[in-house]
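Geometric and topological summary
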Amino acid sequence: MSIKTIVIVAIAVLLTIVLMQNTEEVYFKFLFATFRVSKLMMMLVVAVTGFVLGLIVAWPKKQKFDIEGYHDAIHKKDNTDTLSNEDREYIS
């Protein structure tokens, strides 16, 4: 097993232990309402919400600019001479 798998299993076990130790009911205020909910459910909701938000934040983004595709569209791919006339004048 890899280190990443071991860490994930250890965190899952610790989270399960903490959730099982907190089963009594508490009052929870949300905006203008008060609910009587078990700590287990509130902690589980917070853990799942945090996990989902973490996935959303860490989701890979689409690449905005494809430089190679842009370059290939302007210049023919088999054409190795990509200098403009202005660049050639500057070099010589």
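Residues numbered from 1 in each chain as written. Predicted model: local features only at pLDDT ≥ 70, side-chain atom pairs only at ≥ 80, totals over all residues. Heavy atoms only, no water.

Going by what an unreviewed UniProt entry lists, the chain is known as Lipopolysaccharide assembly protein A domain-containing protein and is assigned to Mucilaginibacter gossypiicola.

Topic: unusual backbone geometry
Note the threshold: Every helix listed is a DSSP run of H or I at least four residues long, and every strand listed is a run of E at least two residues long, numbered separately from the N terminus.
You will see that leucine 31, though not glycine, has its phi angle at about 55 degrees, which is positive. Of note, leucine 31 is situated in the loop between β1 (25-30) and β2 (33-38).

Thoughts on the pattern of salt bridges
This is how the line gets drawn: One side-chain nitrogen of Lys or Arg within 4 Å of one carboxyl oxygen of Asp or Glu is enough to make a salt bridge. Remark: exposure states derive from per-residue accessible area (1.4 Å probe, protein chains only) relative to the maximum for the residue type, with buried under 20%, exposed over 50%, and partly exposed in between.
A complete count under the given rule lists two salt bridges for this structure. The partner of glutamate 24 in a salt bridge is lysine 39, with the nearest N and O atoms 3.0 Å apart. You can see glutamate 24 sitting in the loop between α1 (3-21) and β1 and its partner lysine 39 sitting in helix α2 (residues 39-58), a full 15 residues away along the chain. Of the residues examined, lysine 39 reaches a relative accessible area of 28% and is grouped as partly exposed. Between glutamate 25 and arginine 36 there is a salt bridge, and its shortest N-O distance comes to 2.6 Å. Taken together, the positions of glutamate 25 in strand β1 and arginine 36 in strand β2 put the pair eleven residues apart, joining distant regions of the chain.

Let's talk about the packing of α1 against α2
Relative placement of two packed helices is described by the angle separating their axes and the distance separating the axes. The condition that has to hold: Axes here refer to lines fitted to C-alpha atoms; in helices the fit is confined to the stretch in contact. Angles between the N-to-C directions go from 0 to 180 degrees. Roughly parallel refers to an angle under 35 degrees, roughly antiparallel to one over 145, roughly perpendicular to one between 65 and 115, and oblique to any angle outside these ranges. Take the far helix as your reference; a near helix turned counterclockwise from it by less than a right angle gives a left-handed crossing, and one turned clockwise gives a right-handed crossing. Contacts are assigned to residue pairs that have any heavy atoms within 4.5 Å of one another.
Here α1 crosses α2 at 150 degrees, and the two axes come no closer than 8 Å. By the criterion of interaxial angle, the relationship of α1 to α2 is roughly antiparallel. As for how α1 packs across α2, the hand of that crossing is right-handed. Every residue of α2 that contacts α1 at Leu15, Val18, Leu19 and Met20 is listed here: Leu40, Met43, Leu44 and Ala47.

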